[in-house]
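# Structure assessment
The residues making up each chain are set out below.
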Amino acid sequence: MGVVIDGKTLSANIKADLAERVRSLRGEYGRVPVLTVILVGDDPASHSYVRGKIKAAAEVGIESRLVELDASVGEQELLDRVHALNEDDGVDGILVQLPLPKHIDSERVVSAISLEKDVDGFHPLNVARLWLGEPCTLPCTPKGVMRMLDSVGIGLSGCNAVVVGRSNIVGKPMAKLLLDANATVTVAHSRTRDLAEVTRRADVLIAAVGRARFIGADMIKEGAVVIDVGVNRDETTGKLCGDVDFDACAGKASYITKTPGGVGPMTICMLMENTIECFVKRKSR
Ligand code: GUN
């Protein structure tokens, strides 16, 4: 049985350190960092994620504000809200929960967030800086995965890392962070020919496909490190499950993560870290 990299425990430890940092920032600057979350519509998964973010903020001592808007909100009204938050000196981080309703251009909304308040690291200039190797706000999920790998001392230099999934939020930035750690990176996706043959070459496999238990034991190499970014709902049990068939793969992997209790809590924890970093950068300008 491989070692389970426990995202819940690791994130609890990091949050305790962040809480300490927030206490000292309060002393230094007279207030704590403020994160504003904009949530549009009534998608249950988005509501659940946002609840998790607000709970974590409270644990760390970050002040969170929630702006809930009806699914029918116009794009211009949403943009106006973002602009107002950009101008508000008392707001340090702005997060627009994705996905947005179809009639709203998500890219336009994300681009409207002030670069210095972009706690998700989704702003095009942050993305450009990431790919140019310049200092930037890192997207929370890939950042959290790197922290998990680091927590158990996995050496990435020269290893074969395979990322399954090519989204802007996870797959692409994940590949860049692994590349920066000197891994040899392959990005596989739904059109990849003989996917199992590709994933079986992975020393480190990152699953971010969004399909329940898609990665089976036949798709991983003996001793592989398997990180599961997926959050899916099992059709029959209604329970959350990952992209990796944990029960089938745990015996073959050297290290593996679980869903829930793996990458998810780390993503939220990195959001708290990013919020603190945005606050400090603004305050020390
Ligand atoms: N939807 C799914 N993941 C994320 C995330 O990390 N940030 C935002 N803003 N929306 C998401």
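Relevant structure appears above.
Quick summary incoming for the structure in this document.

About the thresholds
- Residues numbered from 1 in each chain as written.
- Predicted model: local features only at pLDDT ≥ 70, side-chain atom pairs only at ≥ 80, totals over all residues.
- Heavy atoms only, no water.
- Helix = DSSP H or I, 4+ residues; strand = E, 2+ residues; numbered from the N terminus.
- Buried < 20%, exposed > 50% of the residue type's maximum accessible area, 1.4 Å probe, protein only.
- Contact = heavy atoms within 4.5 Å.
- Areas by Shrake-Rupley, 256 points an atom, 1.4 Å probe, with all protein chains shown as cover.
- Lys, Arg positive; Asp, Glu negative; His and termini not counted.
- Charge placed at Lys NZ, Arg CZ, Asp CG, Glu CD.
- Pairing = 2+ DSSP bridges.
- Axes fitted to C-alpha atoms, helices over the stretch in contact; angles between N-to-C directions.
- Parallel < 35°, antiparallel > 145°, perpendicular 65-115°, else oblique.
- Nonpolar A, V, L, I, M, F, W, Y, C, P; charged D, E, K, R; others polar.

Now for the overall build of the protein. A count of helices and strands for the protein gives ten helices and eleven strands. C-alpha atoms of the protein, sized along the principal axes, occupy 50 × 40 × 40 Å. When the 285 residues of the protein are sorted by exposure, 50% land in the buried category. Partitioning the contacts of the protein with sequence separation of at least 6, the portion at a separation of at least 24 is 71%. Carbon and sulfur atoms make up 50% of the accessible area of the protein, which totals about 13,300 Å². Of the charged side chains in the protein, 35 are positive and 38 negative; the average position of the first set lies 2 Å away from that of the second.

A few words now on the sheet that holds strand E4 (residues 93-96). Taken together, the three strands give an open sheet; going across it, the order is E3-E2-E4, and neighbouring strands pair in parallel fashion. Every interior strand has two partners, whereas the edge strands, strand E3 (63-69) and E4, have only one. Within this sheet the neighbouring strands show an average axis-to-axis angle of 15°, counted without direction. Here strand E2 (residues 34-40) pairs with E3 via seven bridges, running parallel. Residue pairing in the sheet places Leu39 in a bridge with Glu68 of E3. Lying on the sheet, helix H3 (residues 75-87) is in contact with E2, E3 and E4; it crosses E2 at an angle near 180°.

Closest axis-to-axis distance for the helix H1 (residues 7-29)/helix H6 (residues 140-151) pair is 11 Å, and the angle between their directions is 100°. When the axes of H1 and H6 are compared, the pair comes out roughly perpendicular. Contact with H1, carried on its side by Gly7, Leu10 and Ile14, involves Arg147, Met148 and Ser151 of H6 and no other residues of that element. Tallied by class, the residues present in the contact of H1 with H6 amount to three nonpolar, two polar and one charged.

Glancing now at the sheet that holds strand E5 (residues 160-164). In a beta sheet, neighbouring strands are held together by backbone hydrogen bonds and run either parallel or antiparallel to one another. Read across the open sheet, the six strands follow the order E1-E11-E8-E7-E5-E6; overall the sheet is parallel. The open sheet has two edge strands with one neighbour each: strand E1 (3-4) and strand E6 (184-188). Lying on the sheet, helix H7 (residues 171-180) is in contact with E5, E6 and strand E7 (204-207); it crosses E5 at an angle near 170°.

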